[in-house]
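# Coordinate inspection notes
Letter by letter, the chains look like this.
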Amino acid sequence: MTTFHQSVLVTGVAGFIGRYVARYFSEQGWSVIGVDNSPPENAPLHNLTAYHRLKLPDLSLNNLLKEYSPNICIHCAGRASVGLSLIEPDVDFQSNTALTFEILNALRINAPRCRFIFLSSAAIYGNPESLPIGETQRCNPISPYGFHKLQSEQLCLEFSKVYDLPTASVRIFSAYGPGLRRQVLWDICRQAIYQPIVKLQGTGKESRDFIHVLDIAKALLVVATSAPMQGETYNFASGREVTISELAEMVFKSLDYKGSVEFDGMVPVGTPINWQADVTKLGSLGITDFLSLERGVRVYANWSYAELLGI
């Protein structure tokens, strides 16, 4: 493992994944510089060496890079909604592709040895040709969000190949964990706590590959310090396929829910049907131990219960 001065710049540090990244790196002894547009009271200040409120892209980033000379930059900022990308593709492009370019270019000029990790998404695969999905499988996005993540990956490869900037992209499948107040797991928990019938989209046979957000933070540290950083990509997932029906049953068991579930049979535009990742490449870096979904869902369901009922 390469030895670093141990300073990391995290964009989007007040977001769901950014908060976990800041906390985990801080616990491992790193100096964490956080950047976000949220007011300081919404940022994880107790895990940060410094916090700068910026609405990226911002020319002030150049000064921050010169001041701190971070060894690592983990880019968590950017809009993360397939639905909104369909309604406002221009905003999604600016907050993903264009923003990624601006940060890469700022690093090229001000911190050319900083190792850059881009948080991409499994949305770049769309509906895959086969399961499990390996990193070499053809990308076939079905939403503006997926296209913009793929374009951002290409920018990372460009800056590695042309400017020798060390980069890697991590394709996150279905992230979850306490603090996430959206997406299917939150929706199931919220309805199970308040409603006698949980009503969900789709057929229930749609599947996802879930990874706990703390496992993401741990894997990011390994990639940041051990990966070749030549513009390559990594699947971030557990490697386990779970249907939404199975997921709902896990939640119901955790909450001792006696109601029922109904599916409307409608799959939203831009939503893939089945996902399961091949995590062999991640395993080659020594990342093989993931929190079990049963345990993770139980903890998340208990957190949701306390969160929604104000306990």
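Figured I'd write up the structure that's included with this text.

The rules behind these values
Residues numbered from 1 in each chain as written. Predicted model: local features only at pLDDT ≥ 70, side-chain atom pairs only at ≥ 80, totals over all residues. Heavy atoms only, no water. Buried < 20%, exposed > 50% of the residue type's maximum accessible area, 1.4 Å probe, protein only. Helix = DSSP H or I, 4+ residues; strand = E, 2+ residues; numbered from the N terminus. Pairing = 2+ DSSP bridges. Axes fitted to C-alpha atoms, helices over the stretch in contact; angles between N-to-C directions. Parallel < 35°, antiparallel > 145°, perpendicular 65-115°, else oblique. Left-handed = near helix turned anticlockwise from the far one by under 90°. Contact = heavy atoms within 4.5 Å. Salt bridge = Lys/Arg side-chain N within 4 Å of Asp/Glu carboxyl O. Phe/Tyr/Trp six-rings, centres within 6.5 Å; stacked < 30°, edge-to-face > 60°. Lys NZ or Arg CZ within 6 Å of the ring centre and 35° of its normal. Core = buried A, V, L, I, M, F, W, Y, C linked by side-chain atoms within 4.5 Å. Expected span 1.5 Å × (residues − 1). Nonpolar A, V, L, I, M, F, W, Y, C, P; charged D, E, K, R; others polar.

### Describing the pairing of strand 11 (residues 230-236)
- For strand 11, the tally of buried residues reaches six of seven residues, placing the bulk of the element in the interior.
- Bridge analysis of strand 6 (residues 167-172) against strand 11 gives six bridges, and the strand direction is parallel. Of the residues in strand 11, the one forming a bridge with T167 is Q230.

### Structural notes on the packing of helix 2 (residues 60-68) against helix 4 (residues 89-110)
- Put simply, helix 2 and helix 4 touch, their axes get as near as 10 Å, and they point 45° apart. Taken together, the axes of helix 2 and helix 4 lie oblique to each other. You can see that helix 2 and helix 4 cross each other, and the crossing is right-handed. Contact residues: helix 2 offers L61, N62, L65 and K66, while helix 4 offers I103, A106, L107 and N110.

### Re the pattern of salt bridges
- Inspection of every chain in the model, using the stated rule, returns eight salt bridges.
- Notably, a salt bridge pairs E129 with R138, separated by 3.0 Å at the nearest N-O pair.
- We classify E129 as exposed; its relative accessible area is 56%.
- Where K258 meets D256, a salt bridge forms, and the shortest distance between an N and an O atom there is 3.0 Å. In this pair, the class of K258 matches that of D256, namely exposed.

### Some thoughts on the packing of aromatic side chains
- Per the stated rule, a full pass over the model turns up 10 aromatic pairs.
- An angle of 85° between the planes, with centres 6.0 Å apart, marks the rings of Y176 and F210 as edge-to-face. With Y176 in strand 7 (residues 174-176) and F210 in strand 10 (residues 210-212), this residue pair connects regions lying 34 residues apart in the sequence.
- Three or more aromatic residues link up through ring pairs in this structure, and these residues are F101, F159 and Y163.
- In this arrangement the basic side chain of R23 is found over the ring face of Y20, its NZ or CZ atom lying 4.9 Å from the centre.
- Directly above the ring of Y163 sits R108, whose terminal nitrogen or CZ lies 5.0 Å from the centroid.

### A few points about the nonpolar core
- One finds I17, F25, L220 and F236 to be the most contacted residues of the largest nonpolar core, which totals 75 residues.
- Broken down by element, this core gets its largest block of residues, eight residues, from helix 7 (residues 213-226).
- Contact partners of F25, with chain neighbours within four places excluded, come to V8, W30, V32, I74, A217, L220 and L221.

### Here's the deal with the environment of I216
- Structurally, the position occupied by I216 is in helix 7.
- Along the primary structure I216 and Y176 are separated by 40 residues, whereas in three dimensions their C-alpha atoms are 9.8 Å apart.
- Sequence-distant contacts of I216, defined by excluding residues within four places in its chain, comprise I17, I172, A175, I211 and F236.

### Some details on helix 8 (residues 244-255)
- The end-to-end C-alpha distance of helix 8, which contains 12 residues, comes to 16 Å, matching closely the 16 Å that a straight helix rising 1.5 Å per residue would cover.
- Within helix 8, burial applies to I244, L247, A248, M250, V251, F252 and L255.
- Remark: D256 follows helix 8 within two positions and exhibits a positive phi of approximately 55°.

### Details of unusual backbone geometry
- Residue P57 is bonded to the preceding L56 through a cis peptide linkage, with omega at 0°.
- Note that P57 resides in the loop between strand 3 (50-53) and helix 2.
- Omega for the bond connecting L131 with P132 falls within 30 degrees of zero, at -5°, which places this linkage in the cis form.
- Counting through the fold element by element, P132 comes out in the loop between strand 5 (115-121) and helix 5 (144-163).
- At S69, a residue that is not glycine, the phi angle is positive and equals roughly 45°.
- Residue position: S69 is located in the loop between helix 2 and strand 4 (72-75).
- Positioned with a positive phi, Q183 is a non-glycine residue whose angle comes to about 75°.

### As for the packing of helix 1 (residues 16-27) against helix 7
- The interhelical angle for the contact between helix 1 and helix 7, taken along N-to-C directions, is 55°, at an axis separation of 9 Å. Judged on the interaxial angle alone, helix 7 and helix 1 are oblique. As helix 1 packs across helix 7, the resulting crossing turns out to be right-handed. Residue-level inspection shows F16, I17, Y20, V21, Y24 and F25 of helix 1 in contact with helix 7, the latter providing V213, L214, I216, A217, K218, L220 and L221.
- Broken down by class, the residue content of the contact of helix 1 with helix 7 amounts to 12 nonpolar, no polar and one charged.

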